[in-house]
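# Coordinates in review
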Amino acid sequence: MADPQSNAAVPAYSSPERQSPPAPPELPPDAPRAGVLHVRHRHTERYTVVGNHLAQHPRLSAAAIGIGVHIQSLPDGASVTIKALTLRFREGEVTIGRALRELEEAGYLVRRRVPLGGGRIATRTFFLDHPGAVVRASVAGGSLEAVTPGEAAGPEPKVPSVPGPVAVPVAAEVSALASVRTRRAAPEPATVPTGPAADLLARLRLADTRLLLSERDVQRLVPAVETWLARAASPDQITRTLTASLPSEAVPIRHPASFVEYRLTTLLPPPLPTAPVRTATATPLRQPVPLVTCDGCERAIRTHDPRALCRECRERRDGRMVAA
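Residues numbered from 1 in each chain as written. Predicted model: local features only at pLDDT ≥ 70, side-chain atom pairs only at ≥ 80, totals over all residues. Heavy atoms only, no water.

## Some words on the packing of aromatic side chains
As enumerated under the stated definition, the model contains 1 aromatic pair in all. With a centroid separation of 6.2 Å and 25 degrees between ring planes, the pair formed by Tyr108 and Phe127 is classed as stacked. Remark: Phe127 occurs in strand 2 (residues 120-127) and Tyr108 occurs in the loop between helix 4 (93-106) and strand 1 (109-117); sequence separation between them is 19 residues. By relative accessible area, Tyr108 is classed as buried at 2%. Above the ring of Phe89, the side-chain terminus of Arg88 is found at 4.8 Å from the ring centroid. (Phe/Tyr/Trp six-rings, centres within 6.5 Å; stacked < 30°, edge-to-face > 60°. Helix = DSSP H or I, 4+ residues; strand = E, 2+ residues; numbered from the N terminus. Buried < 20%, exposed > 50% of the residue type's maximum accessible area, 1.4 Å probe, protein only. Lys NZ or Arg CZ within 6 Å of the ring centre and 35° of its normal.)

As structure tokens, then:
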């Protein structure tokens, strides 16, 4: 089991009460004529072992060395982002970001993209106490251990026997380099979608070049387009709905698949009714009464009787009959 070089799990940054400065130590008789003199103290708690390859690195800046020592003293799981370190130190984001890039170029800080499953990917940060050492899993589990190349080539550490099931050695080399390599799952080949719905989605880029969809996007959106087609929507109607009122050409559509999916979901038409459409019975139009010329005065009147007289002619005729 690796010797813990830090007990950083103890709460850090405690603010001790202000004390008077200690008295200067006496000068030993064999002290050098100039330079710093160390007053050694053996720490039994709240300590971190730092290699001189980091503390006296010839190319790292003072900020990079200081932040490297600080990160090395933190427990696993602590946040070491630029924002978190800016809240801890007085330096700004530019200085801290430059220091982190220096540590990354020197091999102390390693970032790896780790698949989480379900299409999700996370970026994990590793800090190597010694970039030239081989990284392997600790026998106790739950941590990573750096060993020298000679130890890595030697036999695997012995695991004490445990009564019951046979104990399996956990120690295994994770990487022969200065980083922990992560195996990425090979992406499954996407099948080329076919059919009217797939053809409609593939042709959207002809209406607007910003609506270029990948094969996986087309395969994912085909069921939504098939729902439109099942509700008696024609391909032309669907295309007009998806390409109508687009932003100006100067505005890019950064996620065309999400844009198309949103319109297919929110603008889905209702299904057509299954009952036949009731049509009202058409009433025959009434024919207008024809015009007929009165035989007595040649005046035009409306009547169905071709020999009818107008009212005045009928009154005169009735008056003569009464007089007679």
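## Here's the deal with the pattern of salt bridges
Under the counting rule described, the total for this entry stands at 6 salt bridges. In this structure, Asp217 engages Arg220 in a salt bridge whose closest nitrogen and oxygen atoms are separated by 3.8 Å. Of this pair, Asp217 and Arg220 both sit in helix 8 (residues 215-230), separated by 3 residues, roughly a single helical turn. Classification of Arg220 by relative accessible area gives partly exposed; the value is 40%. Among the charged side chains, a salt-bridge network with shared partners connects Asp217, Arg220 and Glu261. (Salt bridge = Lys/Arg side-chain N within 4 Å of Asp/Glu carboxyl O.)

## Observations regarding helix 4
Across its 14 residues, helix 4 extends 20 Å between first and last C-alpha, which sits within 8% of the 20 Å expected from 1.5 Å per residue. Taken together, the buried positions of helix 4 are occupied by Ile96, Gly97, Ala99, Leu100, Glu102 and Leu103. The inward-facing, buried residues of helix 4 contact helix 1 (52-55), helix 2 (62-73), helix 3 (82-88), strand 1 and strand 2. With its phi angle positive at about 95 degrees, Gly107 sits one or two positions after the end of helix 4. (Expected span 1.5 Å × (residues − 1). Contact = heavy atoms within 4.5 Å.)

## Some points on unusual backbone geometry
Even without a glycine there, the phi angle at Ala232 is positive, about 65 degrees. If you trace the backbone, Ala232 turns up in the loop between helix 8 and helix 9 (235-243). A positive phi is found at Ser245, a non-glycine position, where the angle reads about 55 degrees. Its place among the elements puts Ser245 in the loop between helix 9 and helix 10 (256-266).

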